[in-house]
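Examination of the molecular architecture
The lines below spell out each chain.
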Amino acid sequence: MHTYTVLIIDDHPIIADAYKSALLKIASENSTIDFSIEMVTTCDAALEKIRGKQPIDLIFLDMKLPKSSDGQFLSGEDLGIEIRKQLSDAKIIVATTYNDNYRVNNILKSFNPEGFLIKNDIAPSDLITAIETVVEGTPYYSKTVLKLLRSHMNNDFFLDKIDRQLLYELSIGAKMVDLPKTIPMSIGGIERRKRQLKEIFDIQKESDKVLVELAKDKGFI
Amino acid sequence: MKTYLNKLILLLLLLFAASCTKNNIQNVANTNTDSISAWIKNSKNKKLSREVRKLNLQKAYTENLLQENDSIKNSMLLKIAFCAYKLNDSLFFVKTNNEAYELSRNLKDTVGIADTHWNKGLFYSRKEILDSTYYHYYQAYKYYKLINNEYYSGRMLFNMAIAQKNIRNYTGSEILSFQAISKFDKKKHALNLYRCYSNLGIVYDNLTEFKKAIEYHNIALSYLKKTTDKRTFKESSLNNIGLVYHHSGNYTNAIKFYKEGLKNSDLKKSNINLYAKLIDNLAYSKFLNNDTLDIKPNFYRALKIRDSIKNTSGVLISCLHLSKYYLYKKDTIKAIKYAKKSLVLAKDVHNNRDYLVALKLLSEIELKKSKTHLFNHVSLSDSLQNNERKLRDKFTRIRFETDEYIEETNRLSAQQTIILVASFSLLAILSLLYFMRLQRSKNRALQSEAEQQKANEEVYKLLLKQQAKLEEGRLHERHRISEELHDGVLGRIFGTRMGMGFLDLKGDDETKAKHQLYVDELQEIEKEIRVISHELKNELLSGKADYIQVVEHLVEEQSIVSGFEYKITDDDSVHWSMINDAVKINCYRMVQEAVQNINKYAQAKLVTIHFSVNDSVLSLSIQDDGLGFDITKKSQGIGLKNITARTKKINGTFVISSVIGEGTLLSITIPLADTTI
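Residues numbered from 1 in each chain as written. Chains lettered and ligands numbered in written order. Predicted model: local features only at pLDDT ≥ 70, side-chain atom pairs only at ≥ 80, totals over all residues. Heavy atoms only, no water.

**Structural notes on the overall build of chain A**
Across its full length, chain A holds ten helices and six strands. When the 221 residues of chain A are sorted by exposure, 51% land in the buried category. In chain A, once contacts between residues fewer than 6 apart in sequence are set aside, the share between residues at least 24 apart is 63%. Surface accessibility of chain A: about 10,500 Å² in total, with carbon and sulfur atoms responsible for 49%. (Helix = DSSP H or I, 4+ residues; strand = E, 2+ residues; numbered from the N terminus. Buried < 20%, exposed > 50% of the residue type's maximum accessible area, 1.4 Å probe, protein only. Contact = heavy atoms within 4.5 Å. Areas by Shrake-Rupley, 256 points an atom, 1.4 Å probe, with all protein chains shown as cover.)

This is the structure we're talking about:
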């Protein structure tokens with residue numbers, strides 16, 4: 001009988017409850033496993049647990065969280081990085097509604113969770129499989145994430161952070177004039193980068209829309 | 001061959017005949033003037049009788065009437081008038097001279113006008129109408145002076161001097177004589193100078209400046225030496241000098257000069273009048289010099305000669321001298337007889353001066369009636385003086401009035417010039433003011449137009465900004481809704497679905513199956529919401545954020561009107577965000593104008609609009625495949641003018657090319673260097 005300490009970080013009680021149900025179901029079906037479950041709904045509470053020097057085996061991390069009171073942690077992503085610092089052995093399962101490649105990619109890059117679930121991909125059974133797989137020590141990615149990784153492997157070019165950010169901003173309809181506010185570059189530089197991007201995607205005269213669509217196809221955003 | 005020869009001869013004959021007729025015509029014209037001249041010459045011929053001469057002159061006149069009104073006719077007419085004067089035909093003279101005057105005026109022949117005045121002066125001088133004489137000489141003088149004819153104006157001055165002398169205005173005569181002298185050339189006009197100086201001598205004699213009188217008579221004689229036409233002028237001068245000495249009381253010298261004058265043995269033949277005068281004067285001087293020897297026969301000789309040539313004035317003087325002689329001899333009866341005779345003669349010839357002398361003489365002789373004679377003398381001399389004064393005044397007035405008239409004319413013409421200049425300058429100033437005003441109002445209109453355009457543009461800019469803001473707000477809101485759906489609703493449905501999935505349902509299989517169905521349905525709803533959320537975000541991109549899309553929107557709207565297809569493209573080189581609003585707005589407007597024109601005229605099927613940037617120059621081309629037009633023929637419409645104005649405003653260029661039946665291409669280039677951010 002092995003008891004895993006689990007921390008669920010989610011501001012939606014109903015989701016946290018769903019995770020708990022899943023864990024309990026596993027425990028009820030497998031007598032060798034037991035879970036000690038704790039739930040927090042805010043960044044501050046989560047930080048307290050993370051920094052509490054108590055080992056945690058499994059952490060459910062929501063990406064969309066209200067920011068911490070000191071303003072340093074803006075989202076689940078920041079918490080994930082913190083977890084990696086404080087609790088090197090903890091396994092993280094992320095379930096997010098974001099299914100765009102840019103966000104997914106960012107999450108993979110920043111703290112590389114063991115379990116990466118896109119909420120819409122999964123049914124309750126999938127959740128149970130994910131938990132079991134992660135607990136066993138194997139990463140679990142839901143199908144959207146897998147697709148993304150696959151398309152990345154096919155690409156023979158590399159887009160840096162700024163390129164991705166630029167594409168992302170374009171995709172959400174940001175105006176060129178406003179871009180220097182979010183991207184640390186001058187407008188001229190941004191224009192040049194956009195032109196380069198169009199060259200990379202082998203388009204010339206088409207509008208930004210075409211570029212964004214292509215980038216989406218290739219899994220960059 | 002023979003016929004040819006005949007024809008040739010005929011031709012030559014014809015030519016000859018033609019030339020003959022031509023010559024004849026010329027000859028006729030020549031004979032006309034020649035015959036007129038001939039008749040005039042005849043009328044001057046002193047050998048012919050006066051009646052014949054008059055007849056010739058009449059002929060000349062009637063022939064001359066038929067001539068054309070030209071200067072030749074005028075000179076002929078003047079000659080005829082002069083001849084009429086010479087022939088003492090007053091009526092004919094006045095008629096012809098007046099005609100000559102009118103013709104001269106019509107021909108604007110100043111010499112002719114002056115000549116007619118001279119003629120009239122001569123005419124009145126003979127009639128002894130002194131004021132008219134003076135008037136016409138003065139007119140003639142004026143006209144000669146006008147054309148700078150020194151000689152004739154000098155002669156007129158001399159004539160005026162004589163007229164002045166005749167009314168005893170000696171000072172006036174003196175001045176005119178000197179003026180005349182200044183006009184004459186010392187070599188050419190010696191005779192005229194002689195006459196002037198001689199007149200001066202007589203004038204000074206009458207002014208009792210005897211020394212000067214002698215001096216001027218001597219100068220006159222010195223000029224006489226230079227002349228060829230001497231006649232009896234020398235003797236006349238000697239007589240005059242004698243008179244001067246006589247008047248000054250130097251009878252011995254007077255006698256000497258009279259005797260000198262009588263030395264000319266030809267005198268009796270050439271100038272009997274002067275001869276008689278000299279004899280009479282010599283005798284009278286001798287008488288006054290108490291040398292009574294031989295004087296009585298000489299007095300009578302002179303009287304006889306004068307009587308024979310009907311020289312009434314001469315007879316009068318002779319009678320006066322005889323009366324004085326008999327008074328001296330105490331032969332009262334004879335003295336009275338001659339005095340009374342001279343009184344009658346003086347009355348006859350209107351010689352008031354001698355009448356006075358005679359009256360005075362009578363009063364001395366007839367002591368009984370002396371009172372009446374003296375009274376008559378005094379009253380007559382008073383009236384004479386009055387008359388003379390009146391005449392003098394008249395002379396002055398003639399001159400003064402003419403001068404005044406000239407002055408008035410000058411003044412009027414000066415006034416006219418001033419008025420003319422003033423009105424012209426006024427007109428110029430007015431028109432200048434008008435043009436300035438016009439220009440100013442034009443400028444103002446242009447300025448207001450520019451201002452309005454600027455205001456329009458500002459409004460447009462504001463509108464764009466407003467629209468952008470609205471769009472931004474709209475985007476923001478969509479964004480927010482999308483996020484809300486995605487993060488909030490979606491998460492909660494997910495949680496619900498999971499929770500429901502893990503529920504340990506106790507029920508029949510059907511219920512379990514239905515439960516599963518609902519859970520799956522929830523997942524579908526999740527998917528749908530996600531799609532909606534994404535679409536909300538994605539549509540952000542397809543929003544009209546791009547400038548090209550704004551243009552496209554415009555063209556799309558316009559294309560509905562005439563239903564053309566359109567293609568709007570921009571080069572990759574065009575970075576709209578870096579191009580300033582002014583350029584973008586102007587391009588937008590120009591596209592608008594162009595598309596409106598296409599709608600109005602072109603009947604195009606396809607419109608291609610393309611933007612590109614090369615070396616910081618933005619090129620905009622708008623091409624249609626419509627009817628096209630002749631650029632050279634058609635005056636630019638308001639649309640093209642607006643495009644031109646707009647390109648100029650942003651330092652661009654605008655070229656239009658069109659082929660009839662193939663379409664029109666508008667090429668606009670705009671430098672970006674100074675307009676980019």
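**Considering the packing of helix H1 (residues 13-29) of chain A against helix H5 (residues 124-136) of chain A**
Residue and element names in this part refer to chain A. For the pair H1 and H5, the least separation of the axes is 10 Å and the interaxial angle reads 65 degrees. Compared by their axis directions, H1 and H5 come out roughly perpendicular. Considering the relative orientation of H1 and H5, their crossing is right-handed. Residues Ala18, Tyr19, Ala22, Leu23, Lys25 and Ile26 of H1 pack against Leu127, Ile128, Ile131 and Glu132 of H5. Tallied by class, residues from the contact of H1 with H5 come to eight nonpolar, no polar and two charged. (Axes fitted to C-alpha atoms, helices over the stretch in contact; angles between N-to-C directions. Parallel < 35°, antiparallel > 145°, perpendicular 65-115°, else oblique. Left-handed = near helix turned anticlockwise from the far one by under 90°. Nonpolar A, V, L, I, M, F, W, Y, C, P; charged D, E, K, R; others polar.)

**Structural notes on the sheet that holds strand S3 (residues 617-624) of chain B**
Residues and elements named next belong to chain B. Here five strands make up an open sheet; going across it, the order is S1-S2-S3-S5-S4 and the pairing mixed. Looking at the sheet topology across the chains shown, the edges are occupied by strand S1 (565-570) and strand S4 (653-659). The average undirected angle you get between the axes of adjacent strands in this sheet is 10 degrees. Two elements, S3 and strand S5 (residues 663-671), share eight bridges in a ladder whose sense is antiparallel. (Pairing = 2+ DSSP bridges.)

**Quick notes on the nonpolar core**
Residue and element names in this part refer to chain B. With 74 residues, the main nonpolar core has Met160 and Tyr197 as its most contacted residues. In this structure Met160 touches Tyr134, Tyr137, Tyr138, Tyr141, Leu176 and Arg399, once residues within four positions along its chain are discounted. Counting residues in hydrophobic clusters, the runner-up holds 38 residues, among them Val551, Leu554, Cys587 and Val591. (Core = buried A, V, L, I, M, F, W, Y, C linked by side-chain atoms within 4.5 Å.)

**Let's talk about the side chain of B:Lys286**
All names here are of chain B. Secondary-structure assignment places Lys286 in helix H14 (residues 272-288). Within the buried core, Lys286 has no salt-bridge partner, and the shortest N-O distance to an opposite charge, that of Asp291, equals 4.8 Å. With sequence-adjacent residues up to four places away left out, Lys286 is seen in contact with Ile255, Lys259, Asp291 and Ile295. (Lys, Arg positive; Asp, Glu negative; His and termini not counted. Salt bridge = Lys/Arg side-chain N within 4 Å of Asp/Glu carboxyl O.)

**Here's the deal with the packing of aromatic side chains**
All names here are of chain B. What the rule picks out here adds up to 28 aromatic pairs over all chains. Note on Tyr61 and Phe92: the rings are 5.5 Å apart at their centroids and 85 degrees apart in plane angle, and the pair reads as edge-to-face. Note that Tyr61 is positioned in helix H2 (residues 50-65) and Phe92 in helix H4 (residues 90-107), a separation of 31 residues in sequence. Taken individually, Tyr61 and Phe92 each receive the classification buried, so the pair is uniform in this respect. Considering the side-chain rings of Tyr151 and Tyr152, the 5.3 Å spacing of their centres and the 50 degrees angle between planes classify their relative orientation as tilted. Accessibility expressed as a relative area gives 24% for Tyr151, which makes it partly exposed. Linked through ring pairs, Tyr284, Phe287, Phe299, Tyr300, Tyr325, Tyr326, Tyr328 and Tyr338 together constitute an aromatic cluster. (Phe/Tyr/Trp six-rings, centres within 6.5 Å; stacked < 30°, edge-to-face > 60°.)

**Comments concerning helix H7 (residues 161-171) of chain A**
Residue and element names in this part refer to chain A. Most of H7 sits inside the fold, with nine of its eleven residues counted as buried. Regarding H7, the residues found buried are Asp163, Arg164, Gln165, Leu166, Leu167, Tyr168, Glu169, Leu170 and Ser171. Positive backbone phi, approximately 85 degrees, marks Gly173, located one or two places after H7.

**Description of the side chain of A:Arg103**
All names here are of chain A. On the secondary structure map, Arg103 appears in helix H4 (residues 101-110). A polar contact is formed between the side chain of Arg103 and the side chain of Tyr168, at a distance of 3.5 Å. Ignoring anything within four residues of it in the chain, the contact list for Arg103 reads Tyr98 and Tyr168. (Polar contact = N/O pair within 3.5 Å; in protein donor to acceptor, adjacent residues only side chain to side chain.)

**So, the environment of B:Asp625**
All names here are of chain B. Secondary-structure assignment places Asp625 in the loop between S3 and helix H23 (638-649). Overall, the relative accessible area of 37% leaves Asp625 in the partly exposed class. The residues contacting Asp625, other than those within four sequence positions of it, are Ala604, Lys605, Leu606, Glu662 and Gly663. Within the structure, Asp625 has its side chain in polar contact with the backbone nitrogen of Lys605 (distance 2.8 Å). There is a polar contact of 3.0 Å between the side chain of Asp625 and the backbone nitrogen of Leu606.

**Here's the deal with a positive patch on the surface**
Taken together, the side chains of B:Lys46, B:Arg50, B:Lys86, B:Arg126 and B:Lys127 make up a positively charged region of the molecular surface. Inspection of the secondary structure assignment puts B:Arg50 in helix H2. (Patch = residues over 30% accessible without salt bridge, like charges linked within 9 Å, V, L, I, M, F, W, Y side chains within 5 Å. Charge placed at Lys NZ, Arg CZ, Asp CG, Glu CD.)

**Overview of the interface of chain A and chain B**
Taken together, the contact pairs 39 residues of chain A with 37 residues of chain B. In this assembly, chain A packs against chain B so that about 3,200 Å² is buried in total across both faces, 59% of it on carbon and sulfur atoms. Three residues stand out in chain A for area buried against chain B, namely A:Thr97, A:Asn120 and A:Pro124, and they jointly supply 20% of the buried area on that side. Viewed at the interface, chain B and chain A are joined by one salt bridge. Salt-bridge contacts for B:Glu483 lead to A:Lys64; the nearest nitrogen and oxygen are separated by 3.8 Å. Here chain A is connected to chain B by six residue pairs in polar contact (both at pLDDT 80 or more). (Buried area = accessible area lost by both parts, 1.4 Å probe.)

**Points about the sheet that holds strand S6 (residues 140-141) of chain A**
Residues and elements named next belong to chain A. The strand order across the open sheet formed by six strands is S2-S1-S3-S4-S5-S6, and the pairing between neighbours is parallel. Two strands in the sheet have a free side with no partner beyond their single neighbour: strand S2 (33-40) and S6. Pairing of strand S1 (residues 2-9) with strand S3 (residues 58-62) involves four bridges; the strand directions are parallel. Across the sheet, residue Leu7 finds its bridge partner in S3, namely Ile59. Together, S1, S3 and strand S4 (91-96) form the strand contacts of helix H3 (residues 76-86), whose direction differs from that of S3 by roughly 160 degrees.

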